[in-house]
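# Structural features, examined
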Amino acid sequence: MQDDEGYRLGVGMVIRRPDRKILWCKRVGMDAWQFPQGGIERGESAETAMWRELNEEVGLLSDHVELLQTIDQLLCYEFPSAMQMSYKGQKQTWFLLEMLVADDPIDLTESNEFDQWCWVDWWYPLDTIVAFKRQVYRRVLESFSPHNA
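Now for a quick tour of the structure. All values reported here derive from a predicted model rather than from experimental measurement. (Residues numbered from 1 in each chain as written. Predicted model: local features only at pLDDT ≥ 70, side-chain atom pairs only at ≥ 80, totals over all residues. Heavy atoms only, no water.)

## Details of the packing of aromatic side chains
Counted only if it meets this: The criterion for an aromatic pair is that two Phe, Tyr or Trp rings (for Trp, the six-membered ring) have centres within 6.5 Å, with stacked assigned to planes under 30 degrees apart, edge-to-face to planes over 60 apart and tilted to the rest. Counting from the N terminus, the helices are the DSSP runs of H or I reaching at least four residues and the strands are the DSSP runs of E reaching at least two. Relative accessibility thresholds used throughout: buried, under 20% of the residue-type maximum; exposed, over 50%; partly exposed, between the two (1.4 Å probe, protein chains only).
Counted according to the given criterion, the structure contains ten aromatic pairs. Relative to Tyr137, the ring of Trp24 lies with its centre 6.1 Å away and its plane at 70°, an arrangement referred to as edge-to-face. Taken together, the residues Trp24 in strand E2 (residues 22–27) and Tyr137 in helix H3 (residues 131–144) connect sequence positions 113 residues apart. Accessibility classification places Trp24 together with Tyr137 in one group, the buried group. Following the ring pairs from residue to residue traces out a cluster consisting of Trp24, Phe35, Trp94 and Tyr137.

Spelled out as structure tokens, the structure:
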């Protein structure tokens, strides 16, 4: 779903283990890593979209994780003009989830987005995320950082 300004509305998820490592996923066919994220469909709330995308992208269900925190403010980034997307960027609601079970439920076989995943240290994504998403990722990790203590 796109807003009046040309942004795709979506959700992003930081998935944390109890040892404070976070899930980092590699985009299919690219050397680009990111947090799971996805679009909000017409008539869907951000939270409903998050639960749907969680399952579609990494194979997790609501009983695999606990919702710890939400950033209520939409965070946005714009795509570089060279990417020539059908929308100018994304506005996202972000969620922090904690794994309640072992890693085994993560399943990328149905994912059209990712082909690899790993657990990384809290601030690691800021060194590896594409530049146009870095500011949003910094705000997300800073907002959720009390859960990293």
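## Observations regarding the side chain of Gln92
Put simply, the test is: Residues count as neighbours in contact if any of their non-hydrogen atoms are within 4.5 Å of one another.
If you trace the backbone, Gln92 turns up in strand E6 (residues 89–99). You can call Gln92 buried: its relative accessible area is 0%. Excluding residues that lie within four positions of it along the chain, Gln92 makes contacts with Gly10, Val11, Gly12, Gln37, Gln73, Leu74, Leu75, Tyr77 and Val136.

## Overview of the environment of Ser62
On the secondary structure map, Ser62 appears in the loop between helix H1 (46–58) and strand E5 (65–78). The sequence separation of Ser62 and Tyr137 amounts to 75 residues, and the corresponding C-alpha distance is 24 Å.

## Quick look at the pairing of E2
Spelled out, the test is: Strands were regarded as paired on the criterion that DSSP finds at least two bridges between them.
A large share of E2 lies buried, amounting to five of its six residues. Inspection of the sheet shows E2 paired to strand E7 (residues 114–120) by six bridges, in the antiparallel sense. Paired with Arg27 across the strands is Phe114, a residue of E7. For E2 and strand E3 (residues 33–34), the ladder comprises two bridges, and the chain directions are antiparallel. Bridging from a neighbouring strand, Lys26 pairs with Trp33 of E3. Between E2 and E3, which pair antiparallel one after the other, the connecting turn spans five residues, and Gly29 there sits at a positive phi close to 70°.

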